[in-house]
Amino acid sequence: MFKAVIFDLDGVITDTAHLHFLAWRTIASEIGITIDEAFNDELKGISRMESLQRILHHAGVQELYGPEACRQLAAAKNRLYVDSLASITRNALLPGICEVLAEIRAANVKIGLASVSLNAPTILQALGIEDAFDFCADASLITHSKPDPEIFLAACDGLGIRPDRAIGIEDAQAGVEAINAAGMVSVGIGGDLKNAGLQLASTRELTWQCLSDFWATQARPNSY
């Protein structure tokens, strides 16, 4: 049996993608760049600074903004985003998440979070589920963004669990790739995610029984 389930945050526990989009759109507009929600989908699962670099590259102006200018733009975006988090309540949990967290806890399996969002603790508190997690990887200590596996490996280490005994849950392609690179088993939520071990249409399908049945199909020699 697996020993841990490690969740991404945005798009898996709750969906703040639109709040990110509104903040990025405002910042981009201030420097003469137009982005839409389709482009915003490309920013899922990656860090704030990497998101900014993609926006600047999208407009072909990345050479015009040095490290300090980028820091200021990213900080301004974060202030807008944090202000918007005041609207989040427990009602913003995605369907089925509260139930599956309770089921995992009842099965004595550890629960971790691997989100590159520096605001993850604030969001979990606003959702009222901070106590559901045994360990949350600290995004401020991560030097390589997804698809690098660093944050998932940090979550496994914090939980004291081998990666090959853990399931990772993501809604972004970069996240699925990070889970696989960590040596974990991947579950993809929504969209057309390549190389996810299990693809689910939405969090409504994410149950303890679903995870248990999926794990049973995985060949795991020398497991314990």
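Going by the structure above, here's the rest.
Reading guide: rules and limits
- Residues numbered from 1 in each chain as written.
- Predicted model: local features only at pLDDT ≥ 70, side-chain atom pairs only at ≥ 80, totals over all residues.
- Heavy atoms only, no water.
- Helix = DSSP H or I, 4+ residues; strand = E, 2+ residues; numbered from the N terminus.
- Rg over C-alpha atoms; globule rule 2.2 N^0.38 Å.
- Buried < 20%, exposed > 50% of the residue type's maximum accessible area, 1.4 Å probe, protein only.
- Contact = heavy atoms within 4.5 Å.
- Areas by Shrake-Rupley, 256 points an atom, 1.4 Å probe, with all protein chains shown as cover.
- Lys, Arg positive; Asp, Glu negative; His and termini not counted.
- Charge placed at Lys NZ, Arg CZ, Asp CG, Glu CD.
- Pairing = 2+ DSSP bridges.
- Patch = residues over 30% accessible without salt bridge, like charges linked within 9 Å, V, L, I, M, F, W, Y side chains within 5 Å.
- Salt bridge = Lys/Arg side-chain N within 4 Å of Asp/Glu carboxyl O.
- Phe/Tyr/Trp six-rings, centres within 6.5 Å; stacked < 30°, edge-to-face > 60°.

What to know about the overall build of the protein
Counting secondary structure elements, the protein contains nine helices and six strands. The C-alpha radius of gyration of the protein comes to 18 Å, within 12% of the 17 Å expected for a compact globule of 224 residues. Counting the 224 residues in the protein, one finds 48% classified as buried. Long-range pairs, those at least 24 residues apart, make up 63% of the contacts in the protein between residues at least 6 apart in sequence. Summed over all atoms, the accessible surface of the protein reaches about 10600 Å², with 51% contributed by carbon and sulfur. Computed over 17 positive and 28 negative side-chain charges, the inter-centroid distance for the protein is 4 Å.

Considering the environment of His-18
Within the secondary structure, His-18 sits in helix H1 (residues 17-30). Look at His-18 and you get partly exposed, because its relative accessible area is 40%. Sequence separation of His-18 and Glu-37 is 19 residues, and the distance between their C-alpha atoms is 8.0 Å.

Remarks on the sheet that holds strand E3 (residues 135-136)
Spatial strand order, E3-E2-E1-E4-E5-E6: six strands in an open sheet with parallel pairing. Every interior strand has two partners, whereas the edge strands, E3 and strand E6 (198-200), have only one. In terms of strand pairing, strand E2 (residues 110-113) meets E3 through two bridges, oriented parallel. When the bridges of E3 are listed, Gly-112 appears paired with Phe-135.

Some remarks on a negative patch on the surface
Judged by side-chain charge, Asp-36, Glu-37, Asp-41 and Glu-42 come together as a negatively charged surface patch. Within the secondary structure, Asp-36 is located in the loop between H1 and helix H2 (37-40). The exposure class assigned to Asp-36 is partly exposed, which follows from its relative accessible area of 44%.

As for the pairing of strand E1 (residues 4-7)
The side-chain alternation of E1 yields two buried faces, one formed by Ala-4 and Ile-6 and the other by Val-5 and Phe-7. Here four bridges tie E1 to E2, and the two strands are oriented parallel to one another. Residue pairing across strands places Val-5 opposite Ile-111, the latter belonging to E2. Strand direction decides the pairing type here: E1 and strand E4 (residues 166-170), joined by four bridges, are parallel. Residue pairing for E4: Phe-7 is matched across the bridge by Ile-169.

Digging into the packing of aromatic side chains
Per the stated rule, a full pass over the model turns up three aromatic pairs. Plain terms: the ring middles of Phe-7 and Phe-133 are 6.4 Å apart, the flat faces sit at 85° to each other, and that makes the pair edge-to-face. Of the two residues, Phe-7 is situated in strand E1 and Phe-133 in the loop between helix H6 (120-127) and E3; the sequence distance between them amounts to 126 residues. Judged by its relative accessible area of 8%, Phe-133 falls in the buried class. Through successive ring pairs, a cluster of aromatic residues spans Phe-2, Trp-208 and Trp-215.

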